[in-house]
Every structure is written in structure tokens, then in C-alpha cells.
Amino acid sequence: VNAYARSGMGLEAVDLYWTMPENMRDTISHICALNACSHAGLVQQAHQIYQHIHVKTEKIVTTMVRPSFID
């Protein structure tokens, strides 16, 4: 997910994130997916991912509310 994000392939990163089994998604994968959305301007996808995260750590919340998502 992070490799796609860093290569400017935000949609591919999000697609890969959703294909991952839910039990393999952890704090790091959530943050990488949210970062991918941030860099690609995918605000709606970021909100969808954020809503599906059951345990929102401080790092996940901080990633979500960074200035890049503020209009």
C-alpha cells in the first residue's frame, strides 16, 4: 500500500487496501492507506476507510485530520 502511495498511485493503494483480508489490516496499513488518499486527493475514499477502522489509535486519528484534508 505504501509503495503505491509513494509512487503517486493512490487509487491502486486504496484498491490493494480493500483487497487485504480484514484481519491483516493493522495500524500501519490504515495509516498508509490514509496517507495514499491524502497524497492523491481522495477525500471520500479516506472517509470510507476511516469509517471502517474499528480501533482508531491516536496516530490514525492524527493522520485523518491532517491539514491536507481541510478544504
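What you are looking at is a predicted structure, and each value in this text was computed from that prediction instead of being measured. Residues take numbers from 1 onward in each chain, read along the sequence in its written order. Since the coordinates come from a predicted model, pLDDT governs what is reported: local features require at least 70, and pairs of side-chain atoms require 80 or more to be given and counted, while whole-chain, interface and lining totals use all residues. To obtain the side-chain values, all non-hydrogen atoms of the structure were included, while hydrogens and water were left out.

Asks: Describe the packing of aromatic side chains, and please don't skip the residues or the numbers.
Replies: The rule is short: rings of Phe, Tyr and Trp, with Trp giving its six-membered ring, pair when the centres are within 6.5 Å, and they are stacked under 30 degrees, edge-to-face over 60, tilted in between. In total, this model carries one aromatic pair according to the counting rule given. Note on Tyr17 and Trp18: the rings are 5.3 Å apart at their centroids and 75° apart in plane angle, and the pair reads as edge-to-face. Judged by its relative accessible area of 1%, Tyr17 is buried. Counting as a charge over the ring demands two things of the Lys NZ or Arg CZ atom: a distance within 6 Å of the ring centre and an angle within 35 degrees of the ring normal. Positioned above the aromatic ring of Tyr17 is the side chain of Arg25, whose terminal nitrogen or guanidinium carbon lies 4.8 Å from the ring centre. Positioned over the ring face of Tyr50 is Lys56, at 4.9 Å from the centre of the ring. Using a 1.4 Å probe on the protein chains alone, a residue whose accessible area is under 20% of its type maximum counts as buried, one over 50% counts as exposed, and one in between counts as partly exposed.

Asks: Talk me through the nonpolar core; I want residue IDs and the actual numbers.
Replies: Put simply, buried Ala, Val, Leu, Ile, Met, Phe, Trp, Tyr and Cys residues joined by side-chain atoms within 4.5 Å make one nonpolar core. Formed by 19 residues in total, the largest nonpolar core has its most connected members in Val1, Tyr17, Leu34, Cys37, Ile49, Ile53 and Ile60. The secondary structure listing takes helices from DSSP runs of H or I that are at least 4 residues long and strands from runs of E that are at least 2 residues long, numbered from the N terminus. Tallying contributions element by element places helix α3 (residues 27-40) first for this core, with six residues. Ile60 has contacts with Thr27, His30, Ile31, Leu34, Tyr50, Ile53 and Val55, leaving out every residue within four places of it along the chain. What makes two residues a contact is simply this: any of their non-hydrogen atoms within 4.5 Å.

Asks: Would you mind going over a nonpolar patch on the surface in detail, with residue names and values included?
Replies: Among the surface-exposed residues, Tyr4, Met9 and Leu16 lie close enough to one another that they form a single nonpolar patch of about 230 Å² accessible area. Note on placement: Tyr4 falls in helix α1 (residues 2-6). Each patch is built from residues lacking any salt bridge and having more than 30% relative accessible area; the joining distance is 9 Å for like charges and 5 Å for nonpolar side chains (Val, Leu, Ile, Met, Phe, Trp, Tyr). All accessible areas in this document rest on Shrake-Rupley with a 1.4 Å probe, and a residue is counted as covered only by the protein chains that are shown. For salt bridges, the criterion is a side-chain nitrogen of Lys or Arg within 4 Å of an Asp or Glu carboxyl oxygen.

Just geometry here; none of it tells us what the structure is for.
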